[in-house]
Amino acid sequence: MDRHTAIRQLLSAYLDGRVTSRERREVEAHLASCQRCSAALAELAKTIGHLRNLDRVEPPPWLTGRIMARVREQAAKERVSIIRRLFFPLQIKLPLEAVALVFLTVTSYLLIRTMEPELATVVAPAESQHEQQAPATPVPAPRQYIQAAPAQPVVQKPATTIEDTAAPARQADSYLPERKPALPAAPTAELKQEAAAPQASAPSTAKGFSSDFMGARPAAEAKSASGRDVAAPGSAQQLKRGSAQYGADKEAQRQEAPAVRAKSFATTGRVGEITLTVRDANVAAKAIEQVVRELGGRIAKRESSATSRSIVVAIDSARQPEFLDRLGRLGEVRGKPVILEQPTGEQLLTIKLLTVSVAP
Amino acid sequence: MNNTFSVPIDDDAGLVAACKRGELAAFEMLVRKHQRRMLNIALRITGSYEDACEVVQDAFVAAHGGIATFRGAARFSTWLTSITVNQARNRLQQLNGRRHREPLSLNAPIATADGSMELDPPSSEPSAHERLEQCDVRRQVQECIGALPVDFREVLVLRDMEEFSYEEIAAMLRIAAGTVKSRLFRGREAIKDCLKRVMGEL
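Residue numbering note: each chain is counted from 1, following its sequence as written. Working convention: letters from A go to chains and numbers from 1 go to ligands, in the order in which they are written. Totals for whole chains, interfaces and linings use all residues, but because this is a predicted model, local features are given only for residues with pLDDT of at least 70 and pairs of side-chain atoms are given and counted only at 80 or more.

S.K.: Explain the overall build of chain B to me, using residue names and the numbers behind them.
M.R.: Summing up its helical and strand segments, chain B has eight helices and zero strands in all. Considering chain B as a whole, with its 202 residues, one finds that 42% of them fall into the buried category. Placing a C-beta atom from the backbone of each residue, one calls two residues in contact when those atoms lie within 7 Å. Here the contacts in chain B between residues at least 6 apart in sequence split such that 69% fall between residues at least 24 apart. A helix here means a DSSP run of H or I that spans at least four residues, while a strand means a run of E at least two residues long, and both kinds are numbered starting from the N terminus. Three exposure classes are used, based on other C-beta atoms lying within 10 Å of a residue's own C-beta, which is placed from the backbone: buried for 20 or more, exposed for 12 or fewer, and partly exposed in between.

S.K.: Run through the overall build of chain A, naming residues and quoting values.
M.R.: A tally of helices and strands in chain A yields 12 helices and five strands. Out of the 360 residues belonging to chain A, those deemed buried represent 34%. In chain A, of all internal contacts separated by at least 6 residues, the share reaching a separation of at least 24 is 71%.

S.K.: Kindly report on the interface of chain B and chain A, identifying the contributing residues and their values.
M.R.: Listed by partner, the interface residues are 40 residues for chain B and 28 residues for chain A. When residues of the side of chain B that touches chain A are traced back to their parent elements, those giving at least two are helix H2 (24-46), helix H3 (49-66), helix H5 (128-147), helix H6 (150-161) and helix H8 (177-199) of chain B. Here the element with the most residues in the side of chain B that touches chain A is H2(B); it accounts for 11 residues. Basically, the charged four are Asp, Glu, Lys and Arg, the nonpolar ten are Ala, Val, Leu, Ile, Met, Phe, Trp, Tyr, Cys and Pro, and anything else, Gly included, counts as polar. A breakdown of the residues in the side of chain B that touches chain A according to their chemical character gives 22 nonpolar, eight polar and 10 charged.

S.K.: Help me get a handle on the pairing of strand E1 (residues 273-278) of chain A, residues and values and all.
M.R.: Pairing geometry for E1(A) and strand E5 (residues 346-355) of chain A, over six bridges, is parallel. For A:Ile274, the partnering residue across the bridge sits in E5(A) and is A:Ile351. For two strands to pair, DSSP has to find at least two bridges joining them.

S.K.: Quick one: what's the story with the pairing of strand E2 (residues 298-304) of chain A, residue by residue and with numbers?
M.R.: In this structure, E2(A) lies alongside strand E3 (residues 309-316) of chain A, joined through six bridges in antiparallel fashion. Counterpart to A:Arg298 in the pairing with E3(A) is A:Ala314.

S.K.: Give me the environment of B:Ala170: which residues, what numbers.
M.R.: Structurally, B:Ala170 can be placed in helix H7 (residues 166-173). A C-alpha to C-alpha distance of 6.4 Å links B:Ala170 and B:Val180, two positions 10 residues apart in sequence.

S.K.: Account for the packing of helix H1 (residues 3-16) of chain A against helix H3 (residues 35-52) of chain A, naming residues and giving values.
M.R.: All names here are of chain A. Think of each axis as a best-fit line through the C-alpha atoms, taken over the contacting stretch in the case of a helix, with angles from 0 to 180 degrees between the N-to-C directions. At a minimum axis separation of 10 Å, H1 and H3 run at an interaxial angle of 30 degrees. Note on packing geometry: the crossing formed by H1 with H3 is right-handed. Residues His-4, Ile-7, Arg-8, Leu-11, Ser-12 and Leu-15 of H1 form the contact with H3, whose participating residues are Arg-36, Cys-37, Ala-40, Leu-41, Leu-44, Ala-45 and Ile-48. Per-class residue counts for the contact of H1 with H3 are nine nonpolar, two polar and two charged. Crossings are classed by handedness, with left-handed meaning an anticlockwise turn of the near helix from the far one by less than a right angle and right-handed meaning a clockwise turn.

Shown next as structure tokens:
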């Protein structure tokens, strides 16, 4: 770039007074000696003059009015939009509230569902009574379906772990989820507690008793089961049905005191137990034992306390009728023994001896 | 880019405060005070009186809409001017698609469209001959301005017609002061060359 060009590039700023001191000195020094650049400066000045000389127009008379009209219109719109913004939440609020309502509804529903177990516990006693009544009268066939599957493991369990009554109860719990905690242990736990009279829990006794529980009762089944084939092929089948039957009866008899398991058999007669009213308990006991031996059975347990005396005998199911008959000769037999079949075919029977002073 | 000039006291501060309170009468006073200047700026940039009137209306309405957030860092007139320049630029972009308002190329001295007649103020006093001459020259100047890209137009209008400082122009157009300087140089040179072609001599 030559000197003239460089100087000319500064002329515009020079005219506006926007050059540095040094630049100004250079420009003025050059212009003093350069005519062409001085002419260029003059032309630039004229041009700017023309630009400045452009006429200034006047606004039309209606301009202010038009402007203010639009300003007022805009101000009004803004007021509306502010109000709308305040209520904009309302427009959003309604759907939001709807969503919130749905959310709350779903949440409470789910909450109640998760709490259902606890809630149901409160309702349990009433329910259990309800359910007990149902099968008490009609055939416990439907119950068998419910208990058929769980019953078997429930039944088998007691045979192995008798001591811990809680465990099978828990087991029963898990098998019968729809039953409430109060119920499920029913047959097993109660039986054991009965058998083991609250304090004692001798394995053999409990076992014997539970085998009583497990013992089948073909006679009863033949009567109660509606046309069902009692003589089931597998003993396990009978076991199931028997236990189911047992369970049904137990339920029926638990109405009075569902909470008190140990003594729930107290008044209505105990399943698997008969009472023999005799004059002399000792004599009768000896006689019973002799009969048992004659029939090829065995004494499972002897119990005696200040108030009562009972003998648990194991008799082959085939010979039980005979046994009962023999018992009848010893004294008055009351109660209906439940025939619960053991795998071995033995029947367990509890004979409770009652003494009276009056001769039968 | 830094604004190194200190903001002079704004004569309009009181009116602006009233406008912020929602007093429309105060805003009308501002309109009456500044509309002429704004109109002329819009006129020189758009080249059309009709469009300039629309631009000024839009500018004032926009200013009123933004008065609440106007912090007073600049003078109200400067702020209003930048709005007007922006509106004028936008309108030009709209116009370029529809009407061809660039009647004069840098090389051809051609009579302008009817729009140039509107540049003449109806109330000017000079003699008929002078008016014709002036009219002629001004028309040609406007035509030369119209031939420039809008970037150069803006700086020329703001500097040579409205006499804003380099810094004020830089702030309004959001460009550096150096850019203002170079644009002015190139714009003025272009006008000079154009006028020499159109008028034969300056």
